[in-house]
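Take a look at the letters that make up each chain.
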Amino acid sequence: MNDMSVLSYQEAGCQAVAEEMRRDTTVWALGEDLGRGGVFGQYKGLVDEFGPERIADTPISEATIMGAAVGAALVGTRPVVEMRFADFALCAVDEMVNQAAKARFMFGGQARVPMVIRQPSGMWRSSAAQHSQSLEAWYTHIPGLVVAAPYTPADNKGLLKSAIRCDDPVIYIEHKDNWALEGDVPDDPDHLLPLGQARLALPGDDLTLVTWSKMVGVAEQAAALALAQGVGIEVIDLRTLWPWDQDMVFASVAKTKRLLVVHEAVQVGGFGAEIAATVAEHLAHVLTAPIRRLGAPRAPISYAKPLEDLLRITPEKILATALSQMAVTA
Amino acid sequence: MSENHNRDIAHNIDRDRLVDLYRTMRRIRAFEEAAEKASLSGQVGGAVHLSIGQEGVAAGVCANLRRTDQITTTHRGHGHCIAKGTDPGAMMLELFGKQGGTCGGKGGSMHIADFEVGMLGANGVVAAGIPIAVGAAHGAKLLGEDRVVVCFFGDGAINRGPFMEGLNWAAIFKLPVLFVCEQNGFASTTHSDAVTAGAGASARAESLGVKAFEIDGNDVTAVDGLAGELIPKIRGGDGPLFLSARTYRLKGHTSVDPALYRDQAHAAAQWDNDPLLRAAKELRRAGLSEDDLSAIDSAALGEMRRVSEAADAAPAPELAHAFDDIQDIGAPVWEARP
């Protein structure tokens, strides 16, 4: 079955949950306002099909949304946790980090915690410091967690379905600026995208640009600008941050001999540092220019538009960084 | 208002049942005395939190549970595990960090779990077991299973947010949970009263629509009787209930805490209210012979001496287990590490 439909990123995520709930009666979703479709419409219509027991409206109790999901996962259900904004998941860090991520290990493999933790992330116009953060790097640091951050609508369907079927707790990062993004999405209810596989978004010979989530689109714009100047940027959409697709990144860097990692999150301690360090450990001898990272300054995100824009990664900033790397000759 | 269910001591007791409750308490006591000894000798590492003096609550509540019912407990959870049916041999191996421990030696005293008997895990974070118990009950309801989940915690936990969130959640979703608050008087090394505002645990529960019952937790027969009334109601779909059991932590916060922060005369006097002492007195009054009583005691002591010796002699876990059971996707690879 290779039929496709044009869906938005939001609709693709919604379809993924619906299909998995039809397939497996132990799958359920819980979070605030889900009965009205969720704050971004990513559960639209699901309560009509599945009822309020499986599309559960919860109190504004993030710690217990997360903790109850852990308990329900331990006894054989597969909860999809909606955190509404990634920033709010910080009210439930104990439940994610000390409980969900640790239970299987601490209990000597007696239990699994098959849950998906959806965290709408990233800058979203004029939302200021508590509704705009990109915190994916924190979770890559925690053994036991899988971290996914899809960019395309098709990937949002395929990865979310894989996350729901995965027996590990999966931190699932959806970018809030992506909800309306449209694209071809496979109709096949068994369209699964394996966690841990990157996507070659754009081929190029001169520089490898590794990124994820909304920044893939920004990187593609930068690559078009670079091509006009005769520079071929290869854009890799990582899709899953833990585990990340080292094979694809290493093969690309071996070809281009240059690496730039771009993310919307704060650059200091960001996941770009891990990629840069790993590539340096293995491929420093092939590089013809220093590895560069491009992330946000270490500043909270402002409300006022000009201040907010100052922190955004733009195609122009990416282009300038890439060209500076091209200017270095071995 | 919460109901007070302290029993009229004169009423008739079921001697065989009290023998069983006494045996459970004695086994818990003997296990913890052996664990304390092994902790002080250095054979058991890390923090060991003893529930000595609180055995009546664990024994009385768990005597009313089915094997398929589930519990969550705290860092002070040895008693609940034994009362729910976990093998003390596997528990002691776990404390010693050895192969064959309940968690293969990867959890230790604070993370004992035994899913076979519905023991969903002790927890190193105060109050963290509350949302997990609530979620296990939520899962049971979704799956259409008639399990009851008992959530044990102490008076220190009632000042954490998950207490309020978890009780509210259980009430609105009408979940089959019995919350059991063991009022042992201390939040770590601080007197609970000094850091707890208002009228206390039961009042907080009732303010959230969870009916509360108060009991003398050191009277194992009273706890057994009350739990025997509450658990069938919960199983019948009445929603969550709250049991507040007054007890006393006869030891310090951990095995190495001499608890000098409390009035020593008052603390010493609490040994007169030891639930084992009280149950033994009742058994004598009910005609149990000294020989029968000491046979229970020596059987428990012998059992726990044997499990300690076996744990001491057992092999440590294989090193590769440090990388087992972390995750399916993106797990570390032991062989590849330099």
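None of these values were measured; they are calculated from a predicted model.

## Structural notes on the nonpolar core
- Ranked by internal contacts, the top residues of the largest apolar core, which has 197 residues, are Leu178(B), Phe179(B), Val180(B) and Leu243(B).
- Both of domain 1 (7–186) and domain 2 (199–326) of chain A provide at least three residues apiece to this core.
- Sequence-distant contacts of Phe179(B), that is, excluding residues within four places in its chain, are made with Cys151(B), Leu167(B), Ala205(B), Val210(B), Pro240(B), Phe242(B) and Leu243(B).

## Topic: unusual backbone geometry
- In this model, Trp242(A) is joined to Pro243(A) through a cis peptide bond whose omega is -5 degrees.
- The backbone phi angle of Lys257(A) is positive, close to 65 degrees, even though this residue is not glycine.
- Mapped onto the secondary structure, Lys257(A) falls in the loop between helix 9 (246–256) and strand 13 (259–266).
- Although it is not a glycine, Ala259(B) adopts a positive phi angle of roughly 55 degrees.
- Inspection of the secondary structure assignment puts Ala259(B) in the loop between strand 8 (241–246) and helix 9 (264–269).

## Some words on the interface of chain A and chain B
- In this complex, chain A contributes 39 residues to the contact, which on the side of chain B involves 37 residues.
- Contributions of two or more residues to the side of chain A that touches chain B are made by helix 3 (62–74), helix 4 (93–100) and helix 5 (103–106) of chain A.
- If you tally residues by element for the side of chain A that touches chain B, the top one is helix 3 of chain A, at 9 residues.
- A breakdown of the residues in the side of chain A that touches chain B according to their chemical character gives 20 nonpolar, 13 polar and 6 charged.

## Topic: the domain arrangement of chain A
Residue and element names in this part refer to chain A.
- Taken domain by domain, chain A comprises domain 1 (7–186) and domain 2 (199–326).
- Spacing between the C-alpha centres of domain 1 and domain 2 amounts to 26 Å.
- Residue-level contacts link 23 residues of domain 1 with 24 residues of domain 2.
- Mapped by element, the contributors of at least two residues to the side of domain 1 that touches domain 2 are helix 6 (136–140), strand 6 (146–148), helix 7 (153–165) and strand 7 (170–175).
- Of the residues in the side of domain 1 that touches domain 2, the class split is 13 nonpolar, 7 polar and 3 charged.

## A word on the environment of Arg298(A)
Residues and elements named next belong to chain A.
- Mapping Arg298 onto the fold places it in the loop between strand 14 (292–296) and helix 11 (305–310).
- Separated by 46 residues in the primary sequence, Arg298 and Ser252 place their C-alpha atoms 29 Å from one another.
- With sequence-adjacent residues up to four places away left out, Arg298 is seen in contact with Val266 and Val268.

## Some details on the sheet that holds strand 12 (residues 240–242) of chain A
All names here are of chain A.
- Ordered in space as 3-2-4-5-7-6-12, the 7 strands form an open sheet in which the pairing is mixed. On the outer flanks of this sheet lie strand 3 (55–57) and strand 12, each paired with one strand and no other. Averaged over all pairs of adjacent strands, the angle between strand axes in this sheet comes to 20 degrees, irrespective of strand direction.
- Relative to strand 4 (residues 78–82), strand 2 (residues 27–31) runs parallel, the two sharing 4 bridges. Looking at the pairing, Trp28 lines up with Pro79 of strand 4.
- Across the face of the sheet, helix 2 (residues 46–54) comes into contact with strand 2 and strand 3 while running at roughly 60 degrees to strand 3.
- Sheet strands in contact with helix 3 are strand 2 and strand 4, and its direction is about 170 degrees off that of strand 4.

Cut-off values and rules
Residues numbered from 1 in each chain as written. Chains lettered and ligands numbered in written order. Predicted model: local features only at pLDDT ≥ 70, side-chain atom pairs only at ≥ 80, totals over all residues. Core = buried A, V, L, I, M, F, W, Y, C linked by C-beta atoms within 7 Å. Buried ≥ 20, exposed ≤ 12 C-beta atoms within 10 Å, placed from the backbone. Domains from an automatic or database assignment. Contact = placed C-beta atoms within 7 Å. Helix = DSSP H or I, 4+ residues; strand = E, 2+ residues; numbered from the N terminus. Nonpolar A, V, L, I, M, F, W, Y, C, P; charged D, E, K, R; others polar. Pairing = 2+ DSSP bridges. Axes fitted to C-alpha atoms, helices over the stretch in contact; angles between N-to-C directions.

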